[in-house]
Amino acid sequence: MNILLIEDEQRIADFIVAGFTDVGFTTHWEQDGFRGLNTALIKNFDAIVLDLTLPMMDGLTVLAEIRRKNLATPIIILSARTDLTDRLQGFEKGADDYLAKPFFIEELIIRIKTVVSRKQGSVEKTMVQSGLTLDRFTRVAHWKNIKVNLTQREYLLLECLMLSPGQIFSRQQILKQVWQIDFDPGTNVVDVCVQRLRKKLTDDKMPEGEQFPIETIRGVGYRFNNY
Amino acid sequence: MIQSFRLNVFLGVLACMLIFAVATRIMVRQVSEGPILLYQYETLSKHIDNEIEELKQSPQNKIDVASQVQIVQYNLGKSFADLRPNELQVWMASSPSQGQNQLVGLIENASWRDLSFTIEKPGMTLAEISYQGETWSVLRASGLQEDMFVAVNKNLLLRSVSTIMSTREAVVKNLWPLLIVFALVATLFMSYWALKPIMRLQQSFTKVQLGSPNERISEAHFFREFRDFIRYFNDLIDHLRTSYKQAARFSSDAAHELRTPLTIIRGHLHRLVNESSDGSKLQLELSLVAEEVERLISISNKLLMLSLADAGGIKLDKQEIKLLDLVGEMVEDLKLFNPDIDFDFEIPSNLRLKADADLFYQLLTNLMGNAVKYNHPQGQVKCSAELRNDQVWVTVANTTSLTLEGLDHRVFERFYRHRQSVNQNLSEKPGDGLGLSLCREIVLAHGGQIEIKTEPEQWVKIRSSWEVA
């Protein structure tokens, strides 16, 4: 996937580019609004990641200009401002998604994938990763010879981990993305939920080698294995 | 001290009217004596004039002077209602009668005053003399061969003055109730009329909103005396607006300045955690740092929210929220987290409230989170809601391991943490002391109230009011 990143802060751009490279995205980075707009109009991109506070030209203006030229490339806004008005303005001017700083790179990647597939009209019914199949509409998970219905939370948790295979998610990150809780509830809900998922999707007949793809990293978090 | 300004004005005006009435009553007596006397002299001189005219026309030879004088005295006496003997004396300059000689003697030295300014006929003069301890008014009329003198005892004149005054008194007595009613009505009108511009000013004040930048009160629509006042108010509003803008700008800037480095730290930590070998000491330590960074992010988010609230800048996107669904879902989650705690909720199925969905969710997770966090291991949590006076009251009640003493409104203050717990062995719970103050700001931004109450057997209740949908 070919992504245009318009972001003035070099260190943020660095780790975004690194994160994108890890999942195989090609990134073109522009440091100010004016050049960003130019590049966006000249070259073809699958998606544009746009910061709002930019030198030369403000992010919202860049956004408006791109849309004025009838360019339908999906645009995700990155901003340190979380005001409702800022968000609404962004959407009004034609942004496809809005992510507040600080953000998780995994979340950005997932959102890019989502807006791109939405634009292409190709929301896949099922998700397959490392042999585990997840049906997006019926919330049925299929692993080896077991097929189970998942609850809303179990589904969201599994989807969150599956969308970024190989990445470690801390408990807080999972809490924020799956439960939308921005504080530590002081409980082990994530562990309980992962254990239930594991229990639902394994049985005694399974051979020893067939490891369930969600791996626990002690003291750190969870990872959906990528093999 | 009377609190109502309107009442004060009313009483003030009423007092003024009373003073005015009493003063007029006293003054009228003083002032009206002169004009009434003058009027009497005028009448008297007219009568005298008539008599002189008649005397001129009558054949002079037939009647002698003494008889003429008697006729004149008789005729003049008729114009007084209560004439007593000897109070009226008439004589001709050359032939006063015997009883009148003394009067004539006094006239010699009297100072004469011209009466012609009240009477058209010239040649009428007036003198006042003292005779036998009483004051007499003497009128001298010319026009005949010799001057004619008419002396009137002043008591006679004063008697008629008091008659006139008592008539006036009777009129006032009849008018009294009417006067009181009139005074009351006038006072009411005055106080209303005096207060009207102030009321109008007050209305304009309440209409001014801090949020809209260029709204001011126009000086042109009010009395000149209010201008300074209005200017002062406008300056104050401008001042407030400036600091409001600065505060909002500051939080926005601060947020940006904090978020950028936090984003970078978090991003790199995340990469490092992923890249270090699984289960290594380094990875563990990095994830601990990452946890602290998360805390920092959470605190900076809350502080931003609070400073926004201080600047009055929390923007609400009000939606209808079906409380039962939200609480039900949350309780399901919490049950999963804490299987030993007994959850209970009592919410009418059709109860909906109007609030910003994100903020309300944040508030509820915060309250429920606290209810669980500071509970006994096998405690109870009850969530209930009811509709009262067009407001939805949401209550979260729970048993707690904290000491109830000191668990009061201070919990809504920033960075306040109630640390004492009944069981001292309980380990310190993590928290930043901002959660409940944020809850309070969320409730206040919606125009509601929030309060905390403790009840026997270690129960704590926090309830908040919301707009019904």
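Residues numbered from 1 in each chain as written. Chains lettered and ligands numbered in written order. Predicted model: local features only at pLDDT ≥ 70, side-chain atom pairs only at ≥ 80, totals over all residues.

(A) Region of the structure containing the overall build of chain A. Within chain A, the regular secondary structure consists of eight helices and 12 strands. In chain A, buried positions account for 40% of the 227 residues. Within chain A, contacts between residues at least 6 apart in sequence are counted, and of these 57% link residues at least 24 apart. (Helix = DSSP H or I, 4+ residues; strand = E, 2+ residues; numbered from the N terminus. Buried ≥ 20, exposed ≤ 12 C-beta atoms within 10 Å, placed from the backbone. Contact = placed C-beta atoms within 7 Å.)

(B) Highlighting the sheet that holds strand S12 (residues 221-224) of chain A. Residues and elements named next belong to chain A. Ordered in space as S10-S12-S11, the three strands form an open sheet in which the pairing is antiparallel. A strand with exactly one partner marks an edge of an open sheet, and here the two such strands are strand S10 (168-170) and strand S11 (214-217). Mean inter-strand twist for the sheet, computed between neighbouring axes without regard to direction, equals 30°. Pairing between S11 and S12: four bridges, direction antiparallel. Counted as the bridge partner of Thr216 is Tyr222 from S12. (Pairing = 2+ DSSP bridges. Axes fitted to C-alpha atoms, helices over the stretch in contact; angles between N-to-C directions.)

(C) Region of interest: the interface of chain B and chain A. Facing the 39 residues of chain B at the interface are 37 residues of chain A. Among the elements that line the side of chain B that touches chain A, the one with the most residues is helix H5 (residues 227-275) of chain B, at 15 residues. Looking at the side of chain B that touches chain A residue by residue, the class counts come to 11 nonpolar, 17 polar and 11 charged. (Nonpolar A, V, L, I, M, F, W, Y, C, P; charged D, E, K, R; others polar.)

(D) Just the sheet that holds strand S1 (residues 88-92) of chain B, in detail. Residues and elements named next belong to chain B. What the five strands build is an open sheet, ordered S1-S5-S4-S3-S2; its pairing is antiparallel. Every other strand in the sheet has two partners, leaving S1 and strand S2 (113-114) as the edge strands with one partner each. Across two bridges, S2 lies against strand S3 (residues 124-131) in antiparallel orientation. Bridge assignment links Asp114 to a residue of S3, and that residue is Thr125. Packed on one face of the sheet, helix H4 (residues 154-207) meets strand S4 (134-141) and strand S5 (148-153) and runs near 100° to S4.

(E) Broad picture of unusual backbone geometry. Lys101 of chain A connects to Pro102 of chain A through a cis peptide bond whose omega is -10°. Note on placement: Pro102 of chain A falls in the loop between strand S5 (97-100) and helix H5 (105-119). One non-glycine residue, Arg139 of chain A, lies in positive phi territory at about 60°. When you line up the elements, Arg139 of chain A lands in the loop between strand S7 (132-135) and strand S8 (140-143). If you check the backbone angles, Glu457 of chain B has positive phi at about 60° while not being a glycine. One can find Glu457 of chain B in the loop between strand S11 (450-455) and strand S12 (459-468). Taking the C-beta count within 10 Å as the criterion, Glu457 of chain B has 6 such neighbours and is therefore assigned exposed.

(F) Looking closely at the nonpolar core. Residues and elements named next belong to chain B. Formed by 36 residues in total, the largest nonpolar core has its most connected members in Leu363, Leu367, Met368 and Cys439. Those elements that place two or more of their residues in this core are helix H6 (281-310), helix H7 (323-337), strand S8 (352-356), helix H8 (357-373), strand S9 (380-388), strand S10 (391-399), helix H9 (435-445) and S12. In terms of residues, this core owes the most to one element, H8, which gives seven residues. Both domains that meet at this core, namely domain 2 (224-310) and domain 3 (318-468), each give it at least three residues. Ignoring anything within four residues of it in the chain, the contact list for Met368 reads Met330, Leu334 and Val396. (Core = buried A, V, L, I, M, F, W, Y, C linked by C-beta atoms within 7 Å. Domains from an automatic or database assignment.)

(G) Focus on the packing of helix H1 (residues 5-57) of chain B against helix H2 (residues 65-78) of chain B. Residue and element names in this part refer to chain B. Where H1 contacts H2, the axes come no closer than 10 Å and their chain directions differ by 145°. Crossing geometry of H1 relative to H2 is assigned as right-handed. For the pair formed by H1 and H2, the contact residues are His47, Ile48, Glu51 and Leu55 on the first element and Gln68, Val72, Asn75 and Leu76 on the second. The residue makeup of the contact of H1 with H2, split by class, is four nonpolar, three polar and one charged. (Left-handed = near helix turned anticlockwise from the far one by under 90°.)

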